[in-house]
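A look at the structure
This is what each chain is made of:
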Amino acid sequence: IEIPEFATAKAVADFFHDILRNGNPGLLKLAILKTGSRFLVEEGSKTQLNLLGQQSYDAAVINAYEGAYKYKDQYCKNYSIGKDSWDKKVFIKSAFDKTTTEIGSALFPDGYKDGVPQMKRKLTSIVVRVREDEDYVNFINSFSDKSKLCPDD
């Protein structure tokens, strides 16, 4: 997997949104390991999530890739950002306006270049939310044409 340099929290959210919609559990884990901060990855490790990282990953896998209504069924390719988003956290709004997924990131020290400290944006949190309740099922089933669910895609 190729990891871009993330200039903004929105860039991190875009990257993970694509993986949640089009990827798989293995790709998601690799992305978390390669972009995760000390909040998610075991200090000094490139292959092991810490307890919070593992819990976040396990929950994300269930909500993104398992169940009757997956992430890709509930979130549009061209998503909207929730009003509570800020420079360290992006809330991705689902097509069903009552659900959001949270992608957090922040700048962390990443060595030196020509004696100047370098900073790198890393993932600090990932909370994937989907719905399978009756209200959501009724909402989805109300569309005669599924393309109307995400008209901007």
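Structure shown above.
Our subject in this report is the structure included herewith. (Residues numbered from 1 in each chain as written. Predicted model: local features only at pLDDT ≥ 70, side-chain atom pairs only at ≥ 80, totals over all residues. Heavy atoms only, no water.)

1. So, the pairing of strand E3 (residues 100-113)
Applied cut-off: Two strands qualify as a pair provided DSSP detects at least 2 bridges between them. Here a helix means four or more residues in a row that DSSP labels H or I, a strand means two or more in a row labelled E, and each is numbered from the N terminus.
As defined by bridge partners, strand E2 (residues 89-93) adjoins E3 across 5 bridges and the pair is classed as antiparallel. Paired with Ile92 across the strands is Thr101, a residue of E3. In sequence, E2 turns back onto E3 through a hairpin of 6 residues. In the sheet, E3 pairs with strand E4 (residues 116-127) via 10 bridges, with the strands oriented antiparallel. Bridged to Tyr112 within E4 is Pro117. Counted along the chain from E3 to the antiparallel partner E4, the turn is 2 residues long, and its residue Asp114 has a positive phi close to 55 degrees.

2. What about helix H1 (residues 9-22)?
Where we set the bar: A helix is expected to reach a length of 1.5 Å times the quantity of its residues less one. The classification of residues rests on relative accessible area computed with a 1.4 Å probe and restricted to protein chains. Under 20% of the type maximum is buried, over 50% is exposed, and intermediate values are partly exposed. The contact criterion used throughout is that any non-hydrogen atoms of two residues lie within 4.5 Å.
End to end, H1 covers 20 Å across 14 residues, agreeing with the expected 20 Å (1.5 Å per residue, within 8%). Where H1 is concerned, the buried positions are Ala9, Val12, Ala13, Phe15, Phe16, His17, Ile19, Leu20 and Arg21. Those residues of H1 that are buried are in contact with helix H2 (25-35), helix H3 (51-65), helix H4 (71-74), E2, E3 and E4.

3. What about the packing of aromatic side chains?
Just so we agree on the cut-off: Here is the rule: rings of Phe, Tyr and Trp (six-membered ring for Trp) pair when centre to centre is within 6.5 Å. Planes less than 30 degrees apart are stacked, more than 60 are edge-to-face, and the remainder are tilted. For a Lys NZ or an Arg CZ to count as sitting over a ring, it must be within 6 Å of the ring centre and within 35 degrees of the ring normal.
Scanning all chains against the criterion turns up 9 aromatic pairs. When the centroid spacing of 6.0 Å and the interplanar angle of 65 degrees are considered together, the rings of Phe39 and Phe108 count as edge-to-face. In this pair, Phe39 is assigned in the loop between H2 and H3 and Phe108 in strand E3, connecting sequence segments 69 residues apart. A relative accessible area of 38% places Phe39 in the partly exposed class. Three or more aromatic residues link up through ring pairs in this structure, and these residues are Tyr69, Phe96, Tyr136, Phe139 and Phe143. Its end group placed over the ring of Tyr57, Lys29 keeps NZ or CZ at 5.5 Å from the ring centre.

4. Observations regarding the nonpolar core
Defined as follows: Side-chain atoms within 4.5 Å link the members of a nonpolar core, which is a set of buried Ala, Val, Leu, Ile, Met, Phe, Trp, Tyr and Cys residues.
Counting residues in each nonpolar core, the largest one holds 30 residues, and the members touching the most others are Phe16, Leu28, Ile32 and Ile126. Only H1, H2, H3, E2 and E4 provide two or more residues apiece to this core. It is H1 that provides the largest number of residues to this core, a total of 7 residues. Sequence-distant contacts of Phe16, defined by excluding residues within four places in its chain, comprise Leu28, Ala31, Ile32, Thr35, Ile103, Leu123 and Ile126. Membership of the second largest hydrophobic core comes to 7 residues, among which are Cys76, Phe96, Ile140 and Leu149.

5. A look at the state of the cysteines
The bond known as a disulfide is covalent and runs between the sulfur atoms of two cysteines. Keep this limit in mind: Sulfur atoms of two cysteines make up a disulfide when they are within 2.5 Å.
With the rule as written, the count across this model stands at 1 disulfide. The side chain of Cys76 participates in a disulfide bridge whose partner is Cys150; the two sulfur atoms lie 1.9 Å from each other. Negative torsions about the S-S bond denote left-handed disulfides, and the value of about -85 degrees found for Cys76 with Cys150 makes this one left-handed. Here Cys76, found in the loop between H4 and strand E1 (80-81), pairs with Cys150, found in the segment after helix H5 (134-141); they are 74 residues apart in sequence, far enough to count as distant. A residue is classified by how much of its surface remains accessible, and Cys76, at 10% relative accessible area, is buried. Among the residues examined, Cys150 registers a relative accessible area of 14% and is labelled buried.

6. Digging into the pairing of E2
Alignment of E1 against E2, held across 2 bridges, turns out to be antiparallel. Directly across from Ser80, in E2, lies its bridge partner Lys93.

7. Thoughts on the packing of H2 against H3
Rules: All axes are obtained by fitting lines to C-alpha atoms, using only the stretch in contact for helices, and the reported angles, taken between N-to-C directions, cover 0 to 180 degrees. It is the rotation of the near helix from the far one that decides the hand of a crossing: anticlockwise by less than a right angle makes it left-handed, clockwise makes it right-handed. Gly is put with the polar residues, along with every residue not named as nonpolar or charged; the nonpolar set is Ala, Val, Leu, Ile, Met, Phe, Trp, Tyr, Cys and Pro, and the charged set is Asp, Glu, Lys and Arg.
Contact geometry for H2 and H3: axes closest at 10 Å, N-to-C directions at 145 degrees. When the axes of H2 and H3 are compared, the crossing they make is right-handed. Across from Pro25, Gly26, Leu28, Lys29 and Ile32 in H2, the residues of H3 making contact are Gln54, Tyr57, Ala60, Val61 and Tyr65. When the residues that make up the contact of H2 with H3 are grouped by side-chain class, the tally is 7 nonpolar, 2 polar and 1 charged.

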